[in-house]
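Examining the three-dimensional arrangement
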Amino acid sequence: MFDSALIKMIKSDKNKGLSNLIDQYTPLVYTIVRNKIASVCSAEDIEEVVSDVFITFYNQIESVDLSKGSLASYIMVIAKRKAVDRFRKSSVKLDVKLLNDEEEYVDLPDDFNLEDEIQQREIRKKLISIINALGEPDSTIIIHRFYLGESSKEIAAVTGLSNDNVRKRLSRALHKIEKELKGENYEI
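Residue numbers restart at each chain and count upward from 1, following the sequence in its written direction. At least 70 in pLDDT is required for a residue's local features to be given in this predicted model, at least 80 for side-chain atom pairs to be given and counted, and no such filter applies to totals for whole chains, interfaces and linings, which use all residues. No hydrogens and no water enter the side-chain calculation; it runs on all heavy atoms of the structure.

**Section: the overall build of the chain**
If you tally the helices and strands in the chain, you get eight helices and zero strands. The numbering of helices and of strands both runs from the N terminus, where a helix is a DSSP run of H or I of at least 4 residues and a strand a run of E of at least 2. When the elements of the chain are put in sequence order from the N terminus, they spell out α-α-α-α-α-α-α-α. Any residue under 20% of the maximum accessible area for its type is buried, any over 50% is exposed, and the rest in between are partly exposed; the area is computed with a 1.4 Å probe on protein chains only. Expressed as a percentage of its 188 residues, the buried residues of the chain come to 35%. Contacts: residue pairs with any heavy atoms within 4.5 Å of one another. Counted over contacts in the chain with a minimum sequence separation of 6, partners at least 24 positions apart contribute 60%. Residue burial considers only the protein chains on display, and all accessible areas are found by Shrake-Rupley using a 1.4 Å probe. In the form shown here, the chain has an accessible surface area of approximately 12300 Å², with 49% of it arising from carbon and sulfur atoms.

**Observations regarding the nonpolar core**
To form a nonpolar core, buried Ala, Val, Leu, Ile, Met, Phe, Trp, Tyr and Cys residues must be joined to one another through side-chain atoms within 4.5 Å. Residues Leu21, Tyr25, Val29, Val33, Phe57, Leu71 and Ile75 are the most contacted members of the largest nonpolar core, which totals 41 residues. In terms of residue count, the dominant contributor to this core is helix H2 (residues 14-37) (eight residues). Other than its neighbours up to four places away in sequence, Tyr25 contacts Asp3, Leu6, Phe54, Leu71, Ala72 and Ile75.

**Concerning a nonpolar patch on the surface**
Residues form patches when they are more than 30% accessible in relative terms and have no salt bridge. Like charges link within 9 Å. Nonpolar side chains (Val, Leu, Ile, Met, Phe, Trp, Tyr) link within 5 Å. Whenever a carboxyl oxygen of Asp or Glu lies within 4 Å of a side-chain nitrogen of Lys or Arg, that contact is scored as a salt bridge. Among the surface-exposed residues, Phe146, Tyr147 and Leu174 lie close enough to one another that they form a single nonpolar patch of about 280 Å² accessible area. Here Tyr147 is to be found in helix H6 (residues 138-147). Take Tyr147: its relative accessible area is 36%, and that puts it in the partly exposed class.

**With respect to the side chain of Arg86**
As for its position among the elements, Arg86 is in helix H4 (residues 71-100). On the basis of relative accessible area, Arg86 is assigned to the buried category, the value being 15%. Nitrogen and oxygen atoms within 3.5 Å of one another constitute a polar contact, given that in protein one can donate a hydrogen and the other can accept it, and given that sequence-neighbouring residues count only through two side-chain atoms. Within the local environment of Arg86, its side chain forms a polar contact with the side chain of Glu48, the two groups lying 2.8 Å apart. Apart from the residues lying within four places of it in its own chain, the contact partners of Arg86 are Ile37, Cys41, Asp45, Glu48, Val49 and Asp52.

**Some words on the environment of Ser73**
Structurally, Ser73 is set in helix H4. The buried category is assigned to Ser73, whose relative accessible area is 18%. Between the C-alpha atoms of Ser73 and Ser139, which are 66 residues apart in sequence, the distance is 9.4 Å.

**A look at H2**
To estimate the expected span of a helix, subtract one from its residue number and multiply by 1.5 Å. The end-to-end C-alpha separation of H2 is 29 Å, well short of the 34 Å expected for 24 residues at 1.5 Å each. Of all bends in H2, the biggest is about 55°, found at Tyr25, and the proline Pro27 comes one to four residues later. All of the buried residues along H2 are Gly17, Leu18, Leu21, Gln24, Tyr25, Leu28, Val29, Thr31, Ile32, Val33 and Ile37. Here the bend at each residue means the angle between axes fitted to two seven-residue stretches, the one ending at that residue and the one beginning there.

**Things to note about the side chain of Thr56**
Locating Thr56 in the fold gives a position in helix H3 (residues 43-59). At 2.8 Å, the side chain of Thr56 and the backbone oxygen of Asp52 are in polar contact.

**Comments concerning the packing of H2 against H3**
Between H2 and H3, the shortest axis-to-axis distance is 8 Å and the interhelical angle comes to 135°. Comparing the axis directions of H2 and H3 gives the class oblique. For the pair H2 and H3, the sense of crossing is right-handed. Here Lys14, Leu18, Leu21, Ile22, Tyr25, Thr26, Val29, Tyr30, Val33, Arg34 and Ile37 of H2 lie close against H3, whose contacting residues are Asp45, Ile46, Val49, Val50, Val53, Phe54, Phe57 and Tyr58. Throughout, the ten residues Ala, Val, Leu, Ile, Met, Phe, Trp, Tyr, Cys and Pro are labelled nonpolar, Asp, Glu, Lys and Arg are labelled charged, and all others, Gly among them, are labelled polar. Residue composition of the contact of H2 with H3, by class: 15 nonpolar, one polar and three charged. Here the axes come from fitting lines to C-alpha atoms, over the contacting stretch only for helices, and the angles between their N-to-C directions go from 0 to 180 degrees. For classification, angles of less than 35 degrees are called roughly parallel, those exceeding 145 degrees roughly antiparallel, those between 65 and 115 degrees roughly perpendicular, and all remaining angles oblique. We call a crossing left-handed when the near helix sits turned anticlockwise from the far one by less than a right angle, and right-handed when that turn is clockwise.

**Digging into unusual backbone geometry**
For the bond running from Glu136 to Pro137, omega is 0°, close enough to zero to count as cis. Its place among the elements puts Pro137 in the loop between helix H5 (114-134) and H6.

**Things to note about helix H1 (residues 3-12)**
Looking at H1, one finds that the buried residues are Asp3, Leu6, Ile7, Met9 and Ile10. Buried positions in H1, seen along its axis, are confined to an arc of 160° and lie on one side of it. Summarising the geometry of H1, the exposed residues directed more than 90 degrees from the buried face are Lys8 and Ser12. As used here, the arc is the angular range of directions from the helix axis to the C-beta atoms.

Structure (structure tokens):
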């Protein structure tokens, strides 16, 4: 379903629209939130933040301007902000607990390498920037294919494009991403 149609549906039939929004974007929001806060929060906290993302989006729906970005990008920004807020709150609680319990230590895995972790984060940021720069519907196709694991047929249903068009756009988008990453001297 296209972004403008989904927003119209939310405004005209709140229950049906929100249900469609949640069905379509929960895997993406859950992945973003889990990746940001799983190290300091419980599964219940993750689910609570995911719910907060959709509530926040609904409360801000009047300010959504699709000329400035896709629905997915709005939701992704809200998810990241909510996750970071929860991470900060939970990290403070964790720090206080660790300060109060001197015998409790935070163990890092034996194979943990800070330089590799920093490099991976830089690559992820660059990749997200490249995907956003692709524009619609290419960025949506990439997100649905590689973040949500959907098939070309499923993506075609979401975007309203044909299967062949989705595959062609996916191929072109991957070539653009590869070219950008090689231009930045990232190994792929």
